[in-house]
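Observations on chain architecture
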Amino acid sequence: MAIATYLNPESLHSNPAFSQVVRVPAGADLVYIGGQNGVDATGRVVGPDLASQVKQTLDNLRACLAAAGAEPGDVVKWNLLIKEGESLQEGFAAFGAAWGRMPNPPAITFAFVSGLAVEGALIEIEAVAAVAG
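Rules used throughout
Residues numbered from 1 in each chain as written. Predicted model: local features only at pLDDT ≥ 70, side-chain atom pairs only at ≥ 80, totals over all residues. Heavy atoms only, no water. Helix = DSSP H or I, 4+ residues; strand = E, 2+ residues; numbered from the N terminus. Buried < 20%, exposed > 50% of the residue type's maximum accessible area, 1.4 Å probe, protein only. Lys, Arg positive; Asp, Glu negative; His and termini not counted. Salt bridge = Lys/Arg side-chain N within 4 Å of Asp/Glu carboxyl O. Polar contact = N/O pair within 3.5 Å; in protein donor to acceptor, adjacent residues only side chain to side chain. Contact = heavy atoms within 4.5 Å. Pairing = 2+ DSSP bridges. Axes fitted to C-alpha atoms, helices over the stretch in contact; angles between N-to-C directions. Parallel < 35°, antiparallel > 145°, perpendicular 65-115°, else oblique. Left-handed = near helix turned anticlockwise from the far one by under 90°. Nonpolar A, V, L, I, M, F, W, Y, C, P; charged D, E, K, R; others polar. Expected span 1.5 Å × (residues − 1). Arc of directions from axis to C-beta. Phe/Tyr/Trp six-rings, centres within 6.5 Å; stacked < 30°, edge-to-face > 60°.

1. Description of the side chain of E124
- Topologically, E124 is positioned in strand β6 (residues 123–131).
- K83 provides the closest opposite charge to the buried, salt-bridge-free E124, at an N-O distance of 12 Å.
- For E124, the side chain forms a polar contact with the side chain of N37, separated by 3.2 Å.
- What E124 contacts, discounting residues up to four positions off in sequence, is G35, Q36, N37, N79, L80, L81 and L116.

Here it is as structure tokens:
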């Protein structure tokens, strides 16, 4: 059960993929998940395509959430970095297919970057989750 309040001010556009504002109440535990890439347990990039890397990245994020006692619905903020030249639409389609729609989508920041620290990585995602304290 989400403890945060999700807001979309009437003066801003509304998009079902993200919320413009997420307010987390005092007393919530915040979980910060560092940037995850589409790598397997050995640290190897799972494939050369964006879709397979997005799926693995989200699997890794789910594992991080579970380790912290959080669930996917607890995510209040995404930061997504995608390598320049990759398709934003393909990335979002893969994200939607792997993560699914949420009734209260998190806030999001997205940026294209020239490269990522993991060689061959096309995507990096970090997250912030809020759980009842």
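2. A word on the sheet that holds strand β5 (residues 107–113)
- Judged by pairing direction, the sheet is mixed, and its four strands sit side by side in the order β3-β6-β4-β5 without closing on themselves. Sheet topology places β3 (29–36) and β5 at the edges, where each strand pairs with a single neighbour. When the angles between neighbouring strand axes are averaged without regard to direction, this sheet yields 10°.
- Pairing of strand β4 (residues 75–83) with β5 involves seven bridges; the strand directions are parallel.

3. Here's the deal with the pattern of salt bridges
- Inspection of every chain in the model, using the stated rule, returns two salt bridges.
- Linking D59 and K55 is a salt bridge whose minimum nitrogen-to-oxygen distance equals 3.1 Å. Taken together, the residues span about one helical turn, with D59 and K55 both in helix α1 (residues 50–67) at a distance of four residues.
- Given a relative accessible area of 30%, D59 falls into the partly exposed group.
- A salt bridge links R62 to D59, with the nearest nitrogen and oxygen atoms 3.5 Å apart. In this pair, R62 and D59 are both assigned in helix α1, three residues apart and thus about one turn of the helix distant.

4. Details of the packing of α1 against helix α2 (residues 88–99)
- Close contact between α1 and α2 brings their axes to 9 Å; oriented N to C, the two are set at 45°. The angle between α1 and α2 falls in the class oblique. For the pair α1 and α2, the sense of crossing is right-handed. Note on element contacts: α2 touches α1 through E90, G91, A94, F95, A98 and W99, opposite L50, A51, V54, K55, L58, R62 and L65.
- Here the contact of α1 with α2 is built from residues that sort into nine nonpolar, one polar and three charged.

5. Some details on α2
- The end-to-end C-alpha distance of α2, which contains twelve residues, comes to 16 Å, matching closely the 16 Å that a straight helix rising 1.5 Å per residue would cover.
- Within the sequence span of α2, burial applies to G91, A94, F95 and W99. Projected down its long axis, α2 shows its buried positions confined to an angular sector of 110°, all on one face. More than 90 degrees from the buried face of α2, the exposed residues found are Q89, A93 and A97.
- Looking at the packing, one finds that the buried side of α2 touches α1, β4 and β6.

6. Concerning the packing of aromatic side chains
- Tallying each qualifying case throughout the model produces five aromatic pairs.
- Aromatic ring contacts, followed pair by pair, group W78, F95 and W99 into a single cluster.

7. Side note on the environment of V131
- On the secondary structure map, V131 appears in strand β6.
- As a C-alpha pair, V131 and V24 span 107 residues in sequence and 9.2 Å in three-dimensional space.
- Those residues in contact with V131 that lie beyond four places of it in its chain are I3, A28, D29, V31, G69, A70 and D74.

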